[in-house]
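Structure assessment
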Amino acid sequence: MSAVQEQETKKQKLEQEQEAAQETVQETVEEIEQEEEEEGYTEEDLKLGHELIAAVIANDLEKAKALLEQDADLCFNGDDLGRTPLHHAAEHGHLDMVNWLISEKHPYNLTDKNEVTAGELALKNNHEQVYKVLVDHGVRIELLIRAMKKVFGDEGDDENAIANEAYLSQKLHYDDNKLMDENNDAVMMGWEGPLMVEHAKVMCPKEGLNVINVGFGLGLIDSELQKYKPKNHYIIEAHPDVYAHMLELGWDKKEGVKILFGRWQDMVPTIDIQFDGVFFDTYGEFYDDLKAFHECVPKMLHENGVYTWFNGLGATNQFFQDIYCEVSEIDLREIGLSTEYIEMPISTWAEQGVWDGVRQKYWVLDTYKLPICKFLKQ
Ligand SMILES: C[S@@+](CC[C@H](N)C(=O)[O-])C[C@H]1O[C@@H](n2cnc3c(N)ncnc32)[C@H](O)[C@@H]1O
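For the protein, an unreviewed UniProt entry supplies the name Arginine N-methyltransferase 2 and the organism Thamnidium elegans. We quote the UniProt Sequence similarities (unreviewed entry) comment for the protein here in full: "Belongs to the class I-like SAM-binding methyltransferase superfamily. RMT2 methyltransferase family." The protein has a UniProt comment under Subunit (unreviewed entry) that states "Monomer."

In C-alpha cells:
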C-alpha cells in the first residue's frame, strides 16, 4: 500500500470512527432529553428511590447495588430537598458508597432544590476524604468533557464571542462605586477593592516595572498599579462607555499609561513589549475566553514576570470553585506556567446593602484564591 493509500485508508477509518462516536453522543443526548421530558416518578419508582436513599444513608452497599439492579433511579431526587443518593452519601461521609455511585456514573454536579451540591455537604460535615474524591472526580470529568469537545467540535466559541459582543454594545452606567449594565447586572463592584490591592502587589512588587491590565472597569487595579510608578502601564479596554470614562478621568494623560481601546483578542497581537506583571479581568466572557488569554501569556510575560487573573471561577459554590481552580492549574501547566493560589479572607461582599440594586449576586465565598502564575522552571 502506498503512503498516500495508507493515509487515505487511515482517514476513512478515522471518519468512520468519528461518525460512530458522534452517533453515540447523539443517542445519549436524545436519551437524556427523553428522560427529562418524562415528568415525575411512578409509584414503583418512588418506592425504589426511597429505598435506595435509605440504603445509602445506612451505608448498605449490597442493598443499594441490588436496588439499582431492580431499576431504581441512580439519581433519585424525589425527597423534600431534591437530594440525590450522592448528596446523602456525601453528607454522611460514606466513602465507599460515594465511590460506587460515581463508578455507576452518578453525575458529580447535581444540585438540590437549594442549589446545594454533594461536595458542599461533604465539606460542611468535615468529610475531607469524601470531599477530595468528589473534587478529583469533578476535575477528571471536566477534563474529559474538554477532550470530547476537542474531538467533536464545540459551538461554544462562536456563542462566547456573541455574548461578549452583546455586552460591549450595551449602555453602561457608573453608580455608587459600581459599574452596571442595562440589565442591572454588576460589571464591577467596589467590594472587590481589597482583592485588586493584592493583585497589584503581586504583579508589581516595586517601582519602574512594565505592567498590563486587561479590563478597566472601575479602574481599581489601575489606580493601585499607578502607586508603584510603573515604567509602562498598558490598559486594554473594549467598552466605549468605559473608554469614555477613562478619558474623562484623564487616564490617557498619565505618565507611562498607554490605553489600547478594543477587545483583548484584537489588541494583544499588536503588543510588542514584554511585561513584568500581567492582570486579566474582563466581563461577559467565559472560562474558554480566560483559557484563550492564558495561552497568550507566555509571549507577553518577561521570563521572571508574574501573571495573575481575577479568580471568579465557580464563585457561588465552593465545590465548583475548587474543581475549576484545579482544572485551571492543569491548563496553565500545559502551557508552561505554574500556579500558586494564595488564600485571602474576603468579607466586603457580605456587608450591608452591597448588593442593593444588583440583579444577581456573583460571589458568596469567604476566601479568595488569588492565582500567581510564573514560568515553570526547566
Ligand atoms: C470586571 S471589570 C474590570 C475591573 C477592574 N479589574 C478594576 O479593578 O476595576 C471588566 C472590564 O473588562 C472589559 N471587557 C469586557 N470584555 C472585554 C474584552 N473582550 N476585551 C477588553 N476588555 C473587555 C469591560 O468593559 C470592563 O470594563
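A word on the side chain of Thr 348. Position of Thr 348 among the secondary structure elements: in the loop between strand 9 (337–345) and strand 10 (367–375). Of note is the side chain of Thr 348, whose polar atom sits 2.7 Å from the backbone oxygen of Trp 191. Discounting chain neighbours no more than four positions away, the residues touching Thr 348 are Trp 191, Pro 194 and Val 354.

A complete count under the given rule lists 15 salt bridges for this structure. Between Asp 136 and Lys 132 there is a salt bridge, and its shortest N-O distance comes to 2.8 Å. Of this pair, Asp 136 and Lys 132 both sit in helix 7 (residues 128–152), 4 residues apart, roughly one helical turn. Between Asp 185 and Arg 359 there is a salt bridge; the shortest N-O distance is 2.9 Å. Placement of the pair is Asp 185 in the loop between strand 2 (178–180) and strand 3 (186–189) and Arg 359 in the loop between strand 9 and strand 10, with a sequence separation of 174 residues.

This next bit is on unusual backbone geometry. The phi dihedral of Asn 177 falls on the positive side, at around 60°, and the residue is not glycine. Here Asn 177 is to be found in the loop between strand 1 (173–174) and strand 2. Positive phi is not limited to glycine here, since Lys 229 has a value of about 40°. Along the chain, Lys 229 falls in the loop between helix 10 (220–226) and strand 5 (232–237). Of the residues examined, Lys 229 reaches a relative accessible area of 55% and is grouped as exposed.

Bringing the site of the ligand into the picture now. Neighbouring residues of the ligand: 25 residues in total, closest Tyr 167, Leu 218, Ile 221, Glu 237 and Asp 281. Within the backbone of Leu 218, one N or O atom sits 2.9 Å away from an oxygen atom of the ligand. At a separation of 3.4 Å, a nitrogen atom of the ligand approaches a polar backbone atom of Tyr 283. For the ligand, the accessible surface in isolation is 600 Å², of which the surrounding protein chains cover 99%. Here the residues of the shell around the ligand sort into 13 nonpolar, 8 polar and 4 charged.

Another aspect to go through is helix 9 (residues 193–203). Those residues of helix 9 that fall on the buried side of the exposure criterion are Gly 193, Leu 195, Met 196, His 199, Ala 200 and Met 203. The arc that holds the buried residues of helix 9, viewed along the axis, is 155°, so those residues lie on one side.

So, how was this worked out
- Sequence order as written defines the numbering, with residues in each chain counted from 1.
- Given that the model is predicted, a residue must reach a pLDDT of at least 70 before its local features are reported, and side-chain atom pairs must reach 80 or more before they are shown or counted; all residues, however, enter totals for whole chains, interfaces and linings.
- In computing side-chain values, all of the structure's heavy atoms are included and hydrogens and water are not.
- UniProt positions are given in the numbering used here, feature names are shortened, and annotations may be inferred rather than shown by experiment.
- Only DSSP runs of H or I covering at least 4 residues are called helices, and only runs of E covering at least 2 are called strands; the numbering of each starts at the N terminus.
- Two N or O atoms count as a polar contact when they lie within 3.5 Å, although within protein this holds only if one can serve as hydrogen donor and the other as acceptor, and sequence-adjacent residues are included solely when both atoms are side-chain atoms.
- In what follows, a contact means two residues having at least one pair of non-hydrogen atoms within 4.5 Å.
- Every case where a carboxyl oxygen of Asp or Glu lies within 4 Å of a side-chain nitrogen of Lys or Arg is listed as a salt bridge.
- Each residue is placed in one exposure class: buried if its accessible area under a 1.4 Å probe, protein chains only, is under 20% of its type's maximum, exposed if it is over 50%, and partly exposed if it falls in between.
- Note on terminology: near, applied to a residue and a molecule or strand, indicates that one of the residue's heavy atoms is within 4 Å of it.
- Surface accessibility follows the Shrake-Rupley procedure with a 1.4 Å probe radius. Residue values consider only the protein chains on display as shielding.
- Three classes are used: nonpolar for Ala, Val, Leu, Ile, Met, Phe, Trp, Tyr, Cys and Pro, charged for Asp, Glu, Lys and Arg, and polar for all others, with Gly counted as polar.
- Arc definition: directions from the helix axis to the C-beta atoms.

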